[in-house]
Amino acid sequence: PVWAMVVGSIAGVLSVIGYTHIQPFLFSTFKLHDTCGIHNLHGMPGVIGAFVSIIAVQSSEQASKQALGMLVAFGFAIGGGIVTSIVISMLRNEEEDEMFIDDVFWVTPVEPTAQTNALETVSQHGRQSQDSARHDPNHHDDSATVTVA
């Protein structure tokens, strides 16, 4: 259990380094953008775990199986990433090629404060109705009447 905690701690530190240093480097150098942090959260710690599993096994036969499994996983990850990038490149609209602009994919308000203003108007109208009801002698608020039997 102690070695598992050590390996997990190392993987956790590497994950944090990935978010703070490696991800910005990959983006600025290669324009690789990992929106969900999969590389940092699963990829790099998984590689550490795979290498440790190769080292920790008792037999060379099992170590070779672990190494083969790691290579197959790398193949699927890299192949899947390449296929995904090709599909996205084919579907991408060159005129609207801006990252983090939600208008490309979603219907968004023209002004970000439009919804806030609408909510404030409704709230103010509700307050005005309550104030006028309090000053109206003919208005009876039945909701405040409680009958105890």
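Conventions adopted
Residues numbered from 1 in each chain as written. Predicted model: local features only at pLDDT ≥ 70, side-chain atom pairs only at ≥ 80, totals over all residues. Heavy atoms only, no water. Helix = DSSP H or I, 4+ residues; strand = E, 2+ residues; numbered from the N terminus. Buried < 20%, exposed > 50% of the residue type's maximum accessible area, 1.4 Å probe, protein only. pLDDT = per-residue confidence, 0-100. Contact = heavy atoms within 4.5 Å.

### Some words on unusual backbone geometry
Alright, step 1. Even without a glycine there, the phi angle at Lys-31 is positive, about 60°.
Alright, step 2. Among the secondary structure elements, Lys-31 is positioned in the loop between α1 (2-30) and α2 (38-56).
Alright, step 3. Residue Lys-31 is classed as exposed on the basis of its relative accessible area of 60%.

### A closer look at the confidence of the model for the protein chain
Alright, step 1. When pLDDT is averaged along the protein chain, the result is 77; 63% of the residues meet or exceed 70.
Alright, step 2. When mean pLDDT is compared element by element in the protein chain, α1 scores highest at 93, while helix α4 (residues 114-135) scores lowest at 52.
Alright, step 3. Taken as a whole, residues 142-147 scores under 50 in pLDDT and shows zero contacts with residues more than four places along the chain or in a different chain.

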